[in-house]
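# Chain and residue survey
Residue strings, one per chain:
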Amino acid sequence: MDLAEPTRLSWSALSAVLVAMFAITVGYGVALPILPFLIEQIAGRSTPKALSWHTGLLTGVYIIAIFVGAPVWGRISDRCGRKPIILMGLLGFAATSGLFAITASLPLLYLGRFLAGFFAAAITPVAYALIGDYAPSKEWRAHRFALINIAGTAGFFIGPLLGGLAVRVAGSLWTLPPDSSLAMPLLTATGLAVIAAVLVLFLLPSGTRRESGDAPTDATQLERRAMLRLLAIALVTALAIGVFEVGLALRGKVLGLDAAHIGIMFAECSLVMAVVQALVFSPLIKPELTRWFIAPGLATLAIGLVVVSVVSTSVLMSVAVALVAASAGMLSPVATYWASFGIPASQGAQLGRMTAAASFGQALGSVAGGALFNLPILPDASFVLAALLVLGTLLASIRLPRLLMPEPAASR
């Protein structure tokens, strides 16, 4: 059936998707600054090595669950529609995050973290696919992708702040015991996921509508020739961020900072990412030009990781955090935007693979960030190895802009 006039996603429906993205990133970010303290509370006083291992593994377990779940949820959404999958993901995320907040067992802590990541995996790729279903133009798609990215980054900005500050505030205002004060921010994130599920239930349209008016004419060639490089960019960028996140949390604890101070450092990173994402997909920049940002973004990311590994002052550390955040804020949404073009009927599965690649990379980075932290031989081995991988990806992606938009046959 021909669709004469493309139907755009309403602002009310888009707002529900944005709240869903915000909710799951708050739920992820809220745990980052309190993980070392939560592990100590449950497992007792641990050696610094054991603490760093558990911190990295717990972060990695969440991301591995996204790696497992994202392709599955994406394929199911292609067949069953986007709304039921997003709704199921939010409700499952709320329930398992609540379990994570109240458990007093280390194995259950790992189980709750895995299940929360598995259900969170239903949100990101399906939200992007939903935007692609209703996209009447490249500009419309790019600007809505930017809003989704900003919503996710805002959640990551609020999450660590909430995780750090809520522990301090809850304990001082209500004289709660330490275990209850650590659970407060996690339960708050659970409530936010429930609110998002209610909005999705009432505001999001049912069914799946696929528009292809903004897709490149050579969509299948784009998927075949460029998708592998886009997957590599997503994986390596996320790996670098995983190393950076865990390394930042552990370094802050070594320096004697409390959860609130560590949360502020994460918040600075998220703020820079949000600003860069807003600029990259702003009306000032044509979406076609974003493919040329990939190589500079990878180069900046490698430089930022090296700077993080060698600086010893707070000012230089702030510069390094800004470099890493700015490059990641550019690379992830640009790679996702170009990966969203291709065969409309498999858009959910395709974006699920992108999410899975990013999740696998972040899981590897999180585990490496914990396992390689403060090694006697090379204390900053994880940062150096991540920088080398980023440089390798840069070399492999030099021709990617031309693969994303090949020259028309008539011009040859």
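Read on for a plain summary of the structure.

Reading the values: the criteria
- Residues numbered from 1 in each chain as written.
- Predicted model: local features only at pLDDT ≥ 70, side-chain atom pairs only at ≥ 80, totals over all residues.
- Heavy atoms only, no water.
- Helix = DSSP H or I, 4+ residues; strand = E, 2+ residues; numbered from the N terminus.
- Buried < 20%, exposed > 50% of the residue type's maximum accessible area, 1.4 Å probe, protein only.
- Contact = heavy atoms within 4.5 Å.
- Areas by Shrake-Rupley, 256 points an atom, 1.4 Å probe, with all protein chains shown as cover.
- Polar contact = N/O pair within 3.5 Å; in protein donor to acceptor, adjacent residues only side chain to side chain.
- Phe/Tyr/Trp six-rings, centres within 6.5 Å; stacked < 30°, edge-to-face > 60°.
- Core = buried A, V, L, I, M, F, W, Y, C linked by side-chain atoms within 4.5 Å.
- Salt bridge = Lys/Arg side-chain N within 4 Å of Asp/Glu carboxyl O.
- Axes fitted to C-alpha atoms, helices over the stretch in contact; angles between N-to-C directions.
- Parallel < 35°, antiparallel > 145°, perpendicular 65-115°, else oblique.
- Left-handed = near helix turned anticlockwise from the far one by under 90°.
- Nonpolar A, V, L, I, M, F, W, Y, C, P; charged D, E, K, R; others polar.
- Expected span 1.5 Å × (residues − 1).

### Considerations on the overall build of the chain
Helix and strand counts for the chain stand at 15 helices and zero strands. Relative to its 412 residues, the chain shows a buried fraction of 55%. Sequence-distant contacts in the chain: of pairs separated by 6 or more residues, those separated by 24 or more amount to 84%. For the chain, the exposed surface amounts to about 16400 Å²; the carbon and sulfur share of it is 71%.

### Quick notes on the side chain of Ser327
Its location among the elements puts Ser327 in helix α12 (residues 314-339). Ser327 sits in the buried class, given a relative accessible area of 1%. Within the structure, Ser327 has its side chain in polar contact with the backbone oxygen of Leu323 (distance 2.9 Å). A polar contact of 2.9 Å, which involves the side chain of Ser327, links it to the backbone oxygen of Val324. Those residues in contact with Ser327, other than ones at most four positions away along the chain, are Gly297, Thr300 and Leu301.

### With respect to the packing of aromatic side chains
On inspection of all chains with the given rule, the structure shows eleven aromatic pairs. For the pair Tyr337 and Phe341, a centre-to-centre distance of 5.1 Å together with 85 degrees between the ring planes defines the contact as edge-to-face. The pair Tyr337 / Phe341 is uniform in exposure class, with both members buried. Centre to centre, the rings of Trp338 and Phe341 are 5.8 Å apart; their planes meet at 55 degrees, and the pair counts as tilted. A relative accessible area of 2% places Phe341 in the buried class. Linked through ring pairs, Tyr128, Phe145, Phe281, Tyr337, Trp338 and Phe341 together constitute an aromatic cluster.

### Some remarks on the nonpolar core
Soluble globular proteins tend to pack their nonpolar side chains together in the buried interior. Counting residues in hydrophobic clusters, the biggest one holds 101 residues, and the most contacted among them are Leu90 and Leu305. Apart from the residues lying within four places of it in its own chain, the contact partners of Leu305 are Ala240, Val324, Phe383, Ala386, Ala387 and Val390.

### Quick word on the pattern of salt bridges
Tallied over the full model, the rule gives two salt bridges. Where Arg82 meets Asp78, a salt bridge forms, and the shortest distance between an N and an O atom there is 2.9 Å. Each member of the pair Arg82 and Asp78 is classed as buried.

### Here's the deal with helix α6 (residues 124-133)
Most of α6 is tucked away, with nine of its ten residues classed as buried. For α6, every residue scored as buried is listed here: Pro125, Val126, Ala127, Tyr128, Ala129, Leu130, Ile131, Gly132 and Asp133.

### A closer look at the packing of helix α11 (residues 294-310) against helix α14 (residues 381-396)
Two elements in contact, α11 and α14, have axes whose closest approach is 9 Å; the angle formed by their N-to-C orientations is 165 degrees. The angle between α11 and α14 places the two elements in the roughly antiparallel class. Handedness of the α11/α14 crossing: left-handed. Here Ala295, Leu298, Ala299, Leu301, Ala302, Leu305, Val306, Val308 and Ser309 of α11 come into contact with α14, specifically with Phe383, Val384, Ala386, Ala387, Val390, Leu391, Thr393 and Leu394. A breakdown of the residues in the contact of α11 with α14 according to their chemical character gives 15 nonpolar, two polar and no charged.

### Focus on helix α4 (residues 82-102)
Residues that lie three or four places apart on an α-helix share one face, since the helix turns once every 3.6 residues. Look at α4: 31 Å from first C-alpha to last across 21 residues, which is about the 30 Å you get at 1.5 Å a residue. With 15 of 21 residues buried, α4 lies mostly within the body of the structure.

### With respect to the environment of Gly155
Within the secondary structure, Gly155 is located in helix α7 (residues 138-174). Here Gly155 falls in the buried class, since its relative accessible area comes to 0%. Setting aside residues up to four positions removed in sequence, Gly155 forms contacts with Phe22, Thr25, Val26 and Pro160.

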